[in-house]
Amino acid sequence: MQLKQSIYFHSPIFLQNILTTIYGRVLYQERYGPVYQKRLQELKEKERFQTNAQAEQLARLNQFLLFCQTYSPYYQELFEQHRITLPLETLDELKQIPILSKEILRTRNADVHAKIRAPILGKTGGTTGKSIQVHYTKEDMQIRMAHLDYFKWTHGIERGMRRASFTGQTLAAESQKAPVYWRMNKAINQLLFTIKNINPQTAALYIEQLNRFNPESIDGLPSGMIEVARHAKKYNIPCTFRPKAIFPTAEMMTAAERQLIEEVFHAPIFDQYASSEGAPIVAECRYGKKHLHYEMGIIEVEEDGQILVTSFDTHGTPLVRYRVGDRMTLSEATCQCGHAGPVIASIDGRGRSFIQLKDGHRIFEGELAGIVRAFPNCIERVQYIQSDKEEIVMLYVPDERCFKEEHEKELYFVLKRLFGGQMEVLLRAVPEIPKEISGKTLLIKQLLPEKVEEFAIRREQTPFIFKKVVCFFDVFSKKKEFAKGGKNRSESVVR
């Protein structure tokens with residue numbers, strides 16, 4: 001891999017485009033084939049008739065559990081130890097199977113892997129920074145691509161249309177002098193934009209290239225889209241491209257950020273969720289509701305909002321009741337789009353995307369993301385950093401045109417009130433929020449030692465109660481309320 005990267009970064013840009021297309025062709029052969037075509041056609045045909053989603057989900061679950069029992073040493077041992085008898089008669093019986101934690105998957109990785117050929121390797125760094133390897137068969141990957149392409153197809157996007165993708169990959173070498181921060185993958189008509197080089201000095205170049213390429217769809221990391229859209233709006237740079245739809249991935253957006261992208265890029269956003277470990281896909285329909293693609297698996301929600309996933313298309317590394325580290329809120333709502341999958345009210349962020357208070361309570365992304373709404377467009381972006389259980393550092397990028405000193409004082413007191421007086425709050429104005437190695441810009445950087453976090457988790461989760469299995473017949477919504485209180489005493493503001 002290092003040799004390939006060295007060759008790429010030492011090549012001229014025109015050759016880098018060729019190498020990008022060659023690699024794109026390799027991925028194309030992995031992702032598109034007979035299994036892809038069959039599943040995509042099945043999904044499109046379901047548009048014309050009603051299906052018994054409950055029965056289909058149970059049948060797929062039993063087929064997958066039988067595979068796990070047959071080919072995975074870990075599940076053979078687990079099912080025997082807990083006397084799991086197949087086939088299950090109801091979806092609710094899935095709860096008999098013990099939870100698969102990240103630590104188990106990490107320490108017993110080889111035992112969890114199925115004894116079959118699964119050549120596609122995926123890695124997730126996770127929120128704790130520890131890498132977990134997962135394996136996929138080509139059939140697994142083709143099924144996942146079929147569902148993603150079906151989701152886009154419902155919004156008017158066909159494979160092969162001009163596609164602009166914002167990626168965290170490094171596309172330009174540090175020594176590159178030409179301000180060209182995008183590469184072309186002709187295999188699927190995709191122009192890749194690296195978000196690692198987006199800054200106030202380069203954003204206009206990104207807009208110019210987007211105008212020139214005129215994409216019919218945009219996807220990828222929304223943090224890059226936000227920076228480009230904010231720059232275009234701030235300096236009145238016209239965006240002449242007119243995509244049909246925008247599909248953000250991997251990061252959360254606030255309502256204001258979503259509105260900004262839609263306004264500047266002249267297209268609606270349709271959100272999606274699909275974890276790097278292979279969780280079932282959740283995708284937004286044309287009526288704005290998020291649906292679980294029930295053909296791909298089952299999602300359970302624990303009392304604290306964390307999800308357990310059972311993914312039917314993870315045959316290389318089978319995942320049954322895997323605590324993936326993400327959080328969701330469920331809904332009892334139905335949708336006029338006709339999708340048979342249950343509705344997900346919200347995707348609430350990563351497992352460590354929270355501020356840990358001293359009393360054990362947590363403040364999650366949803367509450368923190370809305371803080372700057374109270375300020376008249378004078379703060380462009382924020383980031384919360386916690387490395388100490390008694391202190392929060394908030395980085396913020398002020399808009400120099402309208403930011404005033406009293407705004408910082410107001411921000412300080414809002415945060416002190418939110419944290420119930422339990423945390424010291426340090427505010428620091430910065431010209432831009434630093435990106436992670438992945439290229440992402442995080443809203444929360446949770447740097448508490450794991451032992452502190454684990455203690456808080458045990459405290460919150462005793463006794464341990466599960467919400468119902470998310471399936472066709474059995475979903476509900478419940479939002480956890482967090483205690484807030486304490487005195488609001490004035491302290492010095494630190495930049």
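Structure: above.
Report on the accompanying structure. (Residues numbered from 1 in each chain as written. Predicted model: local features only at pLDDT ≥ 70, side-chain atom pairs only at ≥ 80, totals over all residues. Heavy atoms only, no water.)

1. Let's talk about the overall build of the chain
Move 1: For the chain, the count of helices and strands is 14 helices and 21 strands.
Move 2: Considering only intrachain contacts with a sequence separation of at least 6, the fraction spanning at least 24 residues in the chain is 70%.
Move 3: Surface accessibility of the chain: about 23,400 Å² in total, with carbon and sulfur atoms responsible for 52%. (Helix = DSSP H or I, 4+ residues; strand = E, 2+ residues; numbered from the N terminus. Contact = heavy atoms within 4.5 Å. Areas by Shrake-Rupley, 256 points an atom, 1.4 Å probe, with all protein chains shown as cover.)

2. Some thoughts on the pattern of salt bridges
Move 1: Scanning the entire structure with this criterion turns up 17 salt bridges.
Move 2: One salt bridge in this structure joins Arg163 and Asp219, with 2.6 Å as the shortest N-O distance. In this pair, Arg163 sits in strand E3 (residues 163-167) while Asp219 sits in strand E6 (residues 217-220), placing the two residues 56 residues apart along the sequence.
Move 3: One connected set of salt bridges, linked through shared partners, spans Lys46, Glu56, Arg60 and Glu295. (Salt bridge = Lys/Arg side-chain N within 4 Å of Asp/Glu carboxyl O.)

3. Points about the sheet that holds strand E4 (residues 182-185)
Move 1: Pairing is mixed in the open sheet, where five strands are placed in the order E4-E5-E3-E6-E7. Both outer strands of the open sheet, E4 and strand E7 (245-248), are each paired with one neighbouring strand and no more. Pairwise comparison of adjacent strand axes, ignoring direction, gives a mean angle of 20° for this sheet.
Move 2: Relative to strand E5 (residues 190-194), E4 runs antiparallel, the two sharing four bridges. (Pairing = 2+ DSSP bridges. Axes fitted to C-alpha atoms, helices over the stretch in contact; angles between N-to-C directions.)

4. Quick look at the pairing of strand E11 (residues 297-302)
Move 1: The buried fraction of E11 amounts to six of the six residues, a majority that puts the element mostly inside the structure.
Move 2: The alternating pattern of E11 places Gly297, Ile299 and Val301 on one face and Ile298, Glu300 and Glu302 on the opposite face, and all of these are buried.
Move 3: Pairing geometry for E11 and strand E12 (residues 306-311), over five bridges, is antiparallel. Residue pairing in the sheet places Gly297 in a bridge with Ser311 of E12. (Buried < 20%, exposed > 50% of the residue type's maximum accessible area, 1.4 Å probe, protein only.)

5. Here we look at helix H8 (residues 138-153)
Move 1: End to end, H8 covers 22 Å across 16 residues, agreeing with the expected 22 Å (1.5 Å per residue, within 8%).
Move 2: Of all the 16 residues making up H8, 13 are buried; the element is thus mostly covered by neighbouring parts of the structure. (Expected span 1.5 Å × (residues − 1).)

6. Details of a nonpolar patch on the surface
Move 1: Taken together, the side chains of Phe14, Leu15, Ile18 and Ile22 define a hydrophobic patch exposed on the protein surface, amounting to about 370 Å² of accessible area.
Move 2: Along the polypeptide, Ile22 turns up in helix H2 (residues 13-31).
Move 3: For Ile22, a relative accessible area of 48% gives the class partly exposed. (Patch = residues over 30% accessible without salt bridge, like charges linked within 9 Å, V, L, I, M, F, W, Y side chains within 5 Å.)

7. Description of the packing of H2 against H8
Move 1: The geometry of H2 relative to H8 is characterised by a closest axis approach of 8 Å and an angle of 95° between their N-to-C directions. Looking at the two axes, H2 sits roughly perpendicular to H8. For the pair formed by H2 and H8, the contact residues are Gln29, Glu30 and Arg31 on the first element and Lys138, Met141, Gln142 and Met145 on the second.
Move 2: Its residues assigned to classes, the contact of H2 with H8 comprises two nonpolar, two polar and three charged. (Parallel < 35°, antiparallel > 145°, perpendicular 65-115°, else oblique. Nonpolar A, V, L, I, M, F, W, Y, C, P; charged D, E, K, R; others polar.)

8. Looking at the packing of aromatic side chains
Move 1: In the structure shown here, the tally under the stated rule is 18 aromatic pairs.
Move 2: With 5.0 Å between their ring centres and 80° between their planes, Tyr74 and Tyr75 make a pair best called edge-to-face.
Move 3: Tyr75 gets classed as buried once you look at its relative accessible area, which sits at 0%.
Move 4: The rings of Phe166, Tyr181, Trp182, Phe193 and Tyr206 are connected pair by pair, giving a single aromatic cluster.
Move 5: Over the aromatic face of Tyr32 sits the side chain of Arg159, whose NZ or CZ is 4.3 Å from the ring centroid. (Phe/Tyr/Trp six-rings, centres within 6.5 Å; stacked < 30°, edge-to-face > 60°. Lys NZ or Arg CZ within 6 Å of the ring centre and 35° of its normal.)

9. Concerning unusual backbone geometry
Only a minority of non-glycine residues have a phi that is not negative, and only a minority of peptide bonds are not trans.
Move 1: Backbone torsion omega between Leu86 and Pro87 reads 0°, so that peptide bond is classified as cis.
Move 2: Mapped onto the fold, Pro87 is located in the loop between helix H5 (73-81) and helix H6 (102-107).
Move 3: Of note, His266 is a non-glycine position whose phi angle comes to about 60°, a positive value.
Move 4: With respect to the element layout, His266 can be found in the loop between helix H11 (255-265) and strand E8 (272-273).

10. Let's talk about the packing of helix H4 (residues 53-71) against H5
Move 1: Contact geometry for H4 and H5: axes closest at 5 Å, N-to-C directions at 105°. Compared by their axis directions, H4 and H5 come out roughly perpendicular. Within the contact between the two elements, H4 uses Leu65, Cys68, Gln69, Thr70 and Tyr71 and H5 uses Pro73, Tyr75, Gln76 and Phe79.
Move 2: The residue inventory of the contact of H4 with H5, partitioned by class, reads six nonpolar, three polar and no charged.

11. Looking at the environment of Val343
Move 1: Inspection of the secondary structure assignment puts Val343 in strand E14 (residues 343-350).
Move 2: Contact partners of Val343, with chain neighbours within four places excluded, come to Lys289, Lys290, His291, Leu330, Ser331 and Ala333.

12. Description of helix H13 (residues 405-418)
Note that an α-helix has 3.6 residues per turn; residues three or four places apart therefore point the same way.
Move 1: With 14 residues, H13 extends 21 Å from end C-alpha to end C-alpha; this agrees with the ideal 20 Å at 1.5 Å per step.
Move 2: When H13 is considered as a whole, its buried residues turn out to be His407, Glu408, Leu411, Tyr412, Leu415, Lys416 and Leu418.
Move 3: One or two positions beyond H13, positive phi appears at Gly420, with a value near 65°.

13. Some points on the sheet that holds strand E19 (residues 424-429)
Move 1: In spatial order, the strands read E19-E18-E17-E20; together these four strands make up an open sheet with mixed pairing. For this open sheet the edge positions go to E19 and strand E20 (444-446), each flanked by a neighbour on one side alone. The average angle at which neighbouring strand axes cross in this sheet is 15°, direction not considered.
Move 2: Judged from the three bridges that link them, strand E17 (residues 379-388) and E20 form a sheet pairing that is parallel. Its bridge partner lying in E20, Tyr384 is registered against Ile444.
Move 3: The sheet strands contacting H13 are E17, strand E18 (391-398) and E19, and the helix crosses E19 at an angle near 150°.

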